[in-house]
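A look at the structure
In case you want the letters, here they are:
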Amino acid sequence: MPTQTPPTPPTSPYSAPGSTGTAPHPSPRTGYRSVFAVREFRAVFAAHVLSLLGVVVSEISLTVLVYDLTGSPLLSALTFALGFLPYLLGGTLLAGVADRYPARRVLVVCDLVCAACVAVMVLPGTPVGGLLALRCAVAAVSPVFTGTRTAALTDILGEGEPYVLGRSLLRIVSQSALLAGFGAGGLLLAAVSPRQAIAVTAVTFLCSALLLRCGTKDRPARAGGGGALMADSLAGARLILRDRRIRVLLLLFWLPAMFVVAPEALAAPYAGELGVGPAFLGLLMCAMPVGHITAELYAGSVLSPRGRSRIVLPAAAVGLLPLLGYAVRPGLAWTLVLLALTGVGAAYVIGLDQWFVEAVPEELRGRAMTLMTAGLMTVQGVGMALAGLAAEFWPVHHVVTGAGVLGTLCALALVAEARRSGAAGSSDQRVERPKGETGLTSM
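How each quantity is defined
- Residues numbered from 1 in each chain as written.
- Predicted model: local features only at pLDDT ≥ 70, side-chain atom pairs only at ≥ 80, totals over all residues.
- Heavy atoms only, no water.
- Helix = DSSP H or I, 4+ residues; strand = E, 2+ residues; numbered from the N terminus.
- Contact = heavy atoms within 4.5 Å.
- Areas by Shrake-Rupley, 256 points an atom, 1.4 Å probe, with all protein chains shown as cover.
- 1 Å grid on protein atoms, 1.4 Å probe; cavity = no way out; pocket = protein on both sides within 12 Å on 5 of 7 lines; lining within 4 Å.
- Points joined across faces, edges and corners; volume = space filled by probe spheres on them.
- Nonpolar A, V, L, I, M, F, W, Y, C, P; charged D, E, K, R; others polar.
- Core = buried A, V, L, I, M, F, W, Y, C linked by side-chain atoms within 4.5 Å.
- Buried < 20%, exposed > 50% of the residue type's maximum accessible area, 1.4 Å probe, protein only.
- Salt bridge = Lys/Arg side-chain N within 4 Å of Asp/Glu carboxyl O.
- Axes fitted to C-alpha atoms, helices over the stretch in contact; angles between N-to-C directions.
- Parallel < 35°, antiparallel > 145°, perpendicular 65-115°, else oblique.
- Left-handed = near helix turned anticlockwise from the far one by under 90°.
- Phe/Tyr/Trp six-rings, centres within 6.5 Å; stacked < 30°, edge-to-face > 60°.

When you go through the protein residue by residue, the secondary structure sums to 19 helices and zero strands. If you take every contact in the protein between residues at least 6 apart in sequence, the share linking residues at least 24 apart comes to 87%. For the protein, the accessible area works out to roughly 18300 Å², and carbon and sulfur atoms hold 70% of it.

Okay, structure coming up:
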């Protein structure tokens, strides 16, 4: 979290109509409600809910379908894992799409591509290899969609407080949809076949595309379209990662997330260690998202921009400390408390969002947001895999404790680097860049 109103920048072609580049701050009494007052954001929000539910339900349904076709637990698990692996490739090789084409066109095409892939999955003759390849295609498109949408929020809401609250709402919905989507997927599969459930998700993607096409304005692309797409994407990634401030902010998004997934990845074996049933496993999976949603709603509704900015580094530094409580092999009740507290610590990202959008030049914003999303999903997949591997050799509670220790050490190092590099900025310290200056500085 940011701060006081920054100096008014020159009018941008990407600003929302009637805006001067930075949307006015909502008053403390309106907060999230003022963001919903923006018609375009309502369309983006509704499309986000639909596409997210579609992704979650399709993941469950496709996993069940592959298991039904093959009887192989390995292929069934691989189907789920393939949701993470292509993120890195799609987010680095296709990131240039987010800046070289108009945002609305990119978002609509991404939804249509996902709908087409899902439609082919529904066909009875599609082999298992084809199902897995289509799963990879949807996962490769996802970071481009998410990065483009995140950058487009600055066009719709401006770069200040409304953007922070808009991003916060989408993140809260993502956490909630994981809970609701898995539940809805389970109920849907109890009523229809896996292919029929997948067909429902194709409709959600089409509805999302329609909402984005009809509910958002057609704005020009941020950057020119010259050169090969992959070369442009990689060049943008190099520019972004070369900047010391941007790099440490990316790592603040990524590294804590890599360690925080350990207790969720190992929830089933830990429930087995505790001797509790499937219902309590559901509680273990829900505790951390509930803590995160509660803390983020509080930070967005009650704290001022300056207050949210002040808690970023302290919360990042101590956010993983509750995992150290696993060292005493806590029972169910205390485990739920520890997980909820870990979720509360993750609310630092609401202020980190503002720092990141201020640090990235506008012409690289789409690529930066896409890279951030791709990296976040990739490190979470890596974190889950490493936690599972470690649990083959050590008890689950020791593995989670180790994740808390290593994660806290990494977070402390990143906090120190953020202070040294000047990344721990705030919007009242923001200096307007001269035209043509990218603001990227190498170490």
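Applying the stated criterion across every chain yields a total of five cavities of 30 Å³ or more. By volume, the largest cavity is sized at about 100 Å³. Residue lining of the largest cavity: E40, V44, A103, R104, L107, R149, A152, D155, I156, T216, K217 and R219, and that is the complete set. Where the lining of the largest cavity is concerned, the elements lending two or more residues are α2 (39-70), α6 (103-122) and α7 (128-157). No other element matches the four residues that α7 contributes to the lining of the largest cavity. The residue inventory of the lining of the largest cavity, partitioned by class, reads five nonpolar, one polar and six charged. A volume near 60 Å³ is recorded for the second largest cavity. Lining the second largest cavity, in full, are S58, E59, L62, V118, M121, R135, V138 and F205.

Take the nonpolar core next. Soluble globular proteins tend to bury their nonpolar side chains together. Within the largest apolar cluster, 100 residues are counted, with the highest numbers of intra-cluster contacts made by F41, L249, L250, L252, L352 and F356. Aside from chain neighbours lying at most four places away, what touches F356 is I246, L249, L250, F253, A368, M369 and M372.

As a further point, take the pattern of salt bridges. Applying the stated criterion across every chain yields a total of ten salt bridges. Residues E296 and R171 are paired through a salt bridge, measuring 2.7 Å at the closest nitrogen-oxygen approach. Here R171 lies in helix α8 (residues 161-191) and E296 lies in helix α14 (residues 278-301), a separation of 125 residues in the sequence. Using a relative accessible area of 15% as the deciding quantity, one classes R171 as buried. One network of salt bridges, in which partners are shared, links R167, R171, E296 and D353.

The subject of this paragraph is the packing of helix α11 (residues 244-260) against helix α18 (residues 365-391). Relative orientation of the contacting elements α11 and α18 amounts to 20°, with a least axis distance of 8 Å. With respect to each other, α11 and α18 are oriented roughly parallel. Seen along the crossing, α11 lies across α18 with a hand that is right-handed. Across from L250, F253, W254, A257 and M258 in α11, the residues of α18 making contact are L371, M372, G375, L376, V379, Q380, V382 and G383. Considering only residue class, the contact of α11 with α18 consists of ten nonpolar, three polar and no charged.

Further remarks concern unusual backbone geometry. Look at R329: it is not a glycine, yet its phi comes out positive at around 50°. Assignment of secondary structure puts R329 in the loop between α15 (305-318) and α16 (332-345). Taking relative accessible area as the criterion, R329 reaches 38% and is therefore assigned partly exposed.

Let us now look at the packing of aromatic side chains. Using the criterion set out here, one finds six aromatic pairs in the structure. Between F41 and F45, the ring centres sit 6.1 Å apart and the planes meet at 40°, which makes this aromatic pair tilted. Here the residue F41 and the residue F45 both occupy positions in helix α2, the gap between them amounting to four residues, near one helical turn. Considering the side-chain rings of F253 and F356, the 5.7 Å spacing of their centres and the 85° angle between planes classify their relative orientation as edge-to-face. Here F356 lies in helix α17 (residues 349-359) and F253 lies in helix α11, a separation of 103 residues in the sequence. Across the pair, exposure class does not vary: F253 and F356 are buried alike. Through successive ring pairs, a cluster of aromatic residues spans F36, F41 and F45.

Function cannot be read off these values alone, since they describe shape.
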